[in-house]
Amino acid sequence: MAILLLGLFILVTLVNILFFIGYFSFASAKESTSNGTPPVSVMICAKNEAENLKDFIPYILEQNYSDFEVVLVNDASTDSTLEVMEHFEKLDPRVQLVNVQNNEAFWGKKKYALTLGIKKAKNSTLLFTDADCRPESNMWISEMASSFEHQKTIVLGYGGYLKNKSSFLNKLIRYETLLTAIQYFSFAKWGMPYMGVGRNLAYTAKEFYNQNGFATHLHIRSGDDDLFVNQAGTQENTAINFHRPSITRSIPKTSFSTWIHQKRRHISTAKFYKKKHKYLLASFYFSQIGFWILLISLLLLKIHWPIVLGIFAIRLLVQYIVYYKSAQKLDEMDLLWLIPFLEVFLILTQLSIFSMNVFSKPTNWK
């Protein structure tokens, strides 16, 4: 029995390490330079985001880029979102407004509102972000637009979160965001892009219409970003951009309940990914669960504990190398010393979310 547990532990750890080695494809990636400068339409769909729009739209309008517009889509808000958008429309001729009225057939469907916004856009390069997002620099549009070269029609960027050094929840949210970015950037480097985040994502209008927009998953509550990339992304048409000036930061949730609610909605879309993506993501997740369960069990039972600790050290070293290099790129270095604790806490949180989603469906995006 002891030998069986140890053998299983070695096998699970090996699978986990192989994933980390695979993630090194992003961790070791070099920044590429491009010179594309297509006209860009920045797309922002908002529902009850009046205060965030006031704070963050100026960051968009201050971008150092010669040819861009900002398409603001009001998704049937009940606060003063529409009035704030109208203010910016009057203030700057680059701002275009789409006001989506209440509609029984599409009530609460962000994809419908986004589709109307895309139809309004005058430029063929579409750059998406959220109402509560702030670009890291005034070169955000320039950086993301520059990746549209060599027949690329989709660009994946990093949408991080603003930091609160005194909050454990903030670190957990940013750790989960970092891990997700390592995965979707690495998968793209492997030639099998599976998702992007709407906080920082770009694609061409031509690609959108070639895919019939969101038609194949319009009935799904969320997924305007990840499901679209999962459907449309290929090795040939997808680029990644992780340069510091291309990063956006959003306002993170400040309570566990609201964050769990948000993650339930996001995780609920994963079952609609392509089978190969679901298999690989599930394999990594279960190798993590298996690693920690078997590690703790073997140590408590004192089964070959020197060997177990040695294997743990090797796994931790490989993980830290990958996370260190990735965190350097994405400016998340303050998370490194908490990685084992954050990893275990995230695994348990995700397990509880999976369980909740089995018994009840998450609600719409707002």
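This text follows the structure it describes.
Now for a description of the structure that goes with this document. (Residues numbered from 1 in each chain as written. Predicted model: local features only at pLDDT ≥ 70, side-chain atom pairs only at ≥ 80, totals over all residues. Heavy atoms only, no water.)

**Some details on the overall build of the protein chain**
Assigned secondary structure in the protein chain consists of twelve helices and ten strands. Its C-alpha atoms give the protein chain a radius of gyration of 21 Å, near enough to 21 Å, the size a compact globule of 366 residues would have. When its C-alpha atoms are laid out on the principal axes, the protein chain stretches across 70 × 45 × 40 Å. By residue count, 57% of the 366 residues in the protein chain fall in the buried class. Long-range contacts, defined here as pairs at least 24 residues apart, represent 83% of the contacts in the protein chain between residues at least 6 apart. Accessible surface, the protein chain as shown: approximately 16500 Å² in total, 60% of it carbon and sulfur. Within the protein chain, one finds 38 positive and 29 negative side-chain charges whose respective centroids are separated by 9 Å. (Helix = DSSP H or I, 4+ residues; strand = E, 2+ residues; numbered from the N terminus. Rg over C-alpha atoms; globule rule 2.2 N^0.38 Å. Buried < 20%, exposed > 50% of the residue type's maximum accessible area, 1.4 Å probe, protein only. Contact = heavy atoms within 4.5 Å. Areas by Shrake-Rupley, 256 points an atom, 1.4 Å probe, with all protein chains shown as cover. Lys, Arg positive; Asp, Glu negative; His and termini not counted. Charge placed at Lys NZ, Arg CZ, Asp CG, Glu CD.)

**Structural notes on the side chain of glutamine 262**
On the secondary structure map, glutamine 262 appears in helix H9 (residues 256–267). Residue glutamine 262 is classed as buried on the basis of its relative accessible area of 14%. If we skip the residues at most four places from it in the chain, glutamine 262 touches Tyr161 and Lys253.

**Some remarks on a negative patch on the surface**
A surface patch of negative charge is lined by Asp79, Glu83, Glu86 and Glu89. Here aspartate 79 lies in the loop between strand E2 (68–75) and helix H3 (81–91). (Patch = residues over 30% accessible without salt bridge, like charges linked within 9 Å, V, L, I, M, F, W, Y side chains within 5 Å. Salt bridge = Lys/Arg side-chain N within 4 Å of Asp/Glu carboxyl O.)

**Quick look at the nonpolar core**
Membership of the largest hydrophobic core comes to 70 residues, with the highest contact counts inside it found for Leu156, Tyr184, Phe185, Tyr203, Tyr323 and Leu330. No other element matches the twelve residues that helix H6 (residues 168–189) contributes to this core. With residues near it in sequence (within four places) discarded, phenylalanine 185 still touches Phe26, Leu156, Gly157, Tyr158, Ile240, Asn241, Phe242 and Leu330. Counting 28 residues, the second largest nonpolar core, distinct from the first, contains Leu53, Ile60, Trp140 and Ala145. (Core = buried A, V, L, I, M, F, W, Y, C linked by side-chain atoms within 4.5 Å.)

**What to know about the packing of aromatic side chains**
Taken as a whole and assessed by the stated rule, the structure comprises 30 aromatic pairs. Both rings, one in tyrosine 184 and one in phenylalanine 185, keep their centres 4.8 Å apart while their planes meet at 55°; by these two values the pair is tilted. Ring geometry for phenylalanine 291 against phenylalanine 312: centres 6.1 Å apart, planes inclined by 15°, an arrangement best described as stacked. Taken as a pair, phenylalanine 291 in helix H10 (residues 275–300) and phenylalanine 312 in helix H11 (residues 305–330) lie far apart in primary sequence, 21 residues in all. (Phe/Tyr/Trp six-rings, centres within 6.5 Å; stacked < 30°, edge-to-face > 60°.)

**Some thoughts on the sheet that holds strand E9 (residues 238–240)**
Strand order in this open sheet of seven strands is E3-E2-E1-E4-E8-E6-E9, and the pairing throughout is mixed. Every other strand in the sheet has two partners, leaving strand E3 (95–100) and E9 as the edge strands with one partner each. In this sheet, adjacent strand axes meet at a mean angle of 20° when their direction is disregarded. Pairing geometry for strand E1 (residues 40–46) and strand E4 (residues 125–129), over five bridges, is parallel. Among the inter-strand pairings, serine 41 is bridged to a residue of E4, identified as leucine 126. Sitting on the sheet, helix H4 (residues 110–120) touches E1, E2, E3, E4 and strand E8 (201–204), and the angle it makes with E3 is about 140°. (Pairing = 2+ DSSP bridges. Axes fitted to C-alpha atoms, helices over the stretch in contact; angles between N-to-C directions.)

**Points about the side chain of serine 186**
Along the polypeptide, serine 186 turns up in helix H6. Engagement of the side chain of serine 186 in a polar contact is seen with the backbone oxygen of tyrosine 23, the distance being 3.3 Å. Polar side-chain contacts of serine 186 include one of 2.6 Å to the backbone oxygen of isoleucine 182. Beyond its immediate sequence surroundings of up to four residues, serine 186 is in contact with Gly22, Tyr23, Ser25, Phe26 and Ala181. (Polar contact = N/O pair within 3.5 Å; in protein donor to acceptor, adjacent residues only side chain to side chain.)

**With respect to the pairing of E3**
Examined bridge by bridge, E2 and E3 share six bridges and lie parallel to one another. Opposite aspartate 75, over in E3, you have valine 100 as the bridge partner. Read from E2 through H3 to E3, the crossover connection turns out right-handed. (Right-handed = clockwise from strand over helix to strand, strands pointing away.)

**What to know about the packing of H6 against H10**
At their nearest, the axes of H6 and H10 sit 13 Å apart, and the two run at 140° to each other. Taken together, the axes of H6 and H10 lie oblique to each other. Between H6 and H10 lies a crossing of right-handed hand. The residues of H10 that touch H6, namely those facing Leu179, Gln183 and Phe187, are His277, Leu280, Leu281 and Phe284. Residue classes in the contact of H6 with H10 are distributed as five nonpolar, two polar and no charged. (Parallel < 35°, antiparallel > 145°, perpendicular 65-115°, else oblique. Left-handed = near helix turned anticlockwise from the far one by under 90°. Nonpolar A, V, L, I, M, F, W, Y, C, P; charged D, E, K, R; others polar.)

**What about the pattern of salt bridges?**
If you walk through the whole model with that rule in mind, you get twelve salt bridges. In this structure, the salt-bridge partner of lysine 263 is glutamate 176, at a minimum N-O distance of 3.0 Å. With a gap of 87 residues between them, lysine 263 in helix H9 and glutamate 176 in helix H6 connect regions that are remote in the sequence. The two residues lysine 263 and glutamate 176 agree in class, both being buried.

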